[in-house]
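# Survey of secondary and tertiary structure
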Amino acid sequence: MSYTLFHATRKPPSVVKSVLKGGKELSGGKKSAGWAPFNGDRGDVLLGNVDSAFLLTYAVGMFFAGRIADAANLRVFLSIGMMGTGIFTVLVGMAYFWNIHSYSYFIIMQVMAGLFQSTGWASGVAGMGKLFTG
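So, here's what we can say about the structure. Counting of residues starts from 1 at the beginning of each chain's written sequence and follows it residue by residue. It should be noted that, the model being predicted, local features are given only for residues of pLDDT at least 70 and side-chain atom pairs only at 80 or more, the latter also being counted only at that level, while totals for whole chains, interfaces and linings use all residues. Only hydrogens and water are set aside; all other atoms, that is, all heavy atoms of the structure, feed into the side-chain values.

What follows deals with the overall build of the protein chain. Secondary structure elements follow DSSP: runs of H or I of four or more residues count as helices, runs of E of two or more count as strands, with numbering from the N terminus. Along the protein chain, the regular secondary structure elements total five helices and zero strands. Accessible area is worked out with a 1.4 Å probe on protein chains only. A residue is then buried under 20% of its type maximum, exposed over 50%, and partly exposed in between. Across the 134 residues that make up the protein chain, the buried fraction comes to 30%. Taking the contacts inside the protein chain whose residues are at least 6 apart along the sequence as the reference set, 65% of them involve residues at least 24 apart. For accessible areas, the Shrake-Rupley method is used with a probe of radius 1.4 Å. Any residue's cover is judged against the shown protein chains and nothing else. Carbon and sulfur atoms make up 70% of the accessible area of the protein chain, which amounts to about 8300 Å² in all. The contact criterion used is simple: two residues touch if any of their non-hydrogen atoms lie within 4.5 Å.

Any pair of Phe, Tyr and Trp rings, taking the six-membered ring for Trp, is counted once the centres come within 6.5 Å. Such a pair is stacked with planes under 30 degrees apart, edge-to-face with planes over 60 apart, and tilted for the rest. Under the definition given, this model contains six aromatic pairs. Aromatic pair Phe 38 and Tyr 103: ring centres 6.5 Å apart, planes at 65°, arrangement edge-to-face. Placement of Phe 38 in the loop between α2 (11-21) and α3 (43-71) and of Tyr 103 in helix α5 (residues 103-132) is noted, with a sequence separation of 65 residues between them. With 5.1 Å between their ring centres and 85° between their planes, Tyr 96 and Phe 97 make a pair best called edge-to-face.

Now for the nonpolar core. Nonpolar cores are built from buried Ala, Val, Leu, Ile, Met, Phe, Trp, Tyr and Cys residues. Side-chain atoms within 4.5 Å join them into one set. Among the nonpolar cores identified, the biggest contains 16 residues, and Leu 20, Phe 38, Phe 88, Ala 95, Tyr 105, Phe 106 and Met 109 are the most heavily contacted of them. Residue assignment for this core shows that the elements contributing at least two residues are α3, α4 (74-97) and α5. Looking at which element gives the most residues to this core, the answer is α5, with five residues. In contact with Tyr 105, other than residues within four places in its own chain, are Leu 91, Val 92, Ala 95, Trp 98 and Ile 100. Judged by nonpolar contacts, the second largest core, of five residues, contains Ala 65, Ala 69, Leu 74 and Phe 77.

Okay, a nonpolar patch on the surface next. Patches draw on residues past 30% relative accessible area with no salt bridge. Two like charges within 9 Å are joined, as are two nonpolar side chains (Val, Leu, Ile, Met, Phe, Trp, Tyr) within 5 Å. By salt bridge we mean one thing: a side-chain nitrogen of Lys or Arg within 4 Å of a carboxyl oxygen of Asp or Glu. On the surface, Leu 56, Val 60, Phe 63, Phe 64 and Ile 68 cluster together into a nonpolar patch covering about 570 Å² of accessible area. Judged by relative accessible area, which is 65%, Phe 63 ranks as exposed.

Let's shift gears to the environment of Trp 35. Along the chain, the position of Trp 35 falls in the loop between α2 and α3. Separated by 15 residues in the primary sequence, Trp 35 and Leu 20 have C-alpha atoms spaced 4.7 Å apart. Not counting the four nearest positions on each side in its chain, Trp 35 is found in contact with Val 19, Leu 20, Ala 95, Tyr 96, Asn 99, Ile 100, His 101 and Phe 106.

Another point: the environment of Leu 115. Summarising the element assignment, Leu 115 is placed in helix α5. Considered as a pair, Leu 115 and Phe 54 are 61 residues apart in the sequence and their alpha carbons are 8.0 Å apart.

This part covers the environment of Val 92. Note on placement: Val 92 falls in helix α4. On the basis of relative accessibility, which here comes to 18%, the residue Val 92 falls in the buried class. Through-space distance from the C-alpha of Val 92 to that of Gln 110 is 7.9 Å; in sequence the pair is 18 residues apart. When near neighbours in sequence (up to four residues on either side) are disregarded, Val 92 contacts Tyr 105, Phe 106, Met 109 and Gln 110.

The structure is reproduced here in structure tokens:
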């Protein structure tokens, strides 16, 4: 269940990418304006960089999270990972309400989200291992 919730927080960024890029067909034949800095000519590149920042941090973080999960209290480790993942997913969404158009803001939020996301698989496997060992 916990890994399902971790995985669910990866969906919102992929859903809003088309809105951030702009040019999406709206009702009445209008097109969405997008969200700076992603609505420019290099919007696809910038969105790709944001995704890459998340995935790179997630991949590297998995190595360290596995070691930490083996030594840590799994309930605390999993709880911190889930809370951090939720917080940084919300902070990405709050950019709309706070009118944040900073590329570095989105990079930092996705790096932090990737770091906390990396705790999910490690703690899930460690927890299952403890469940099935004698």
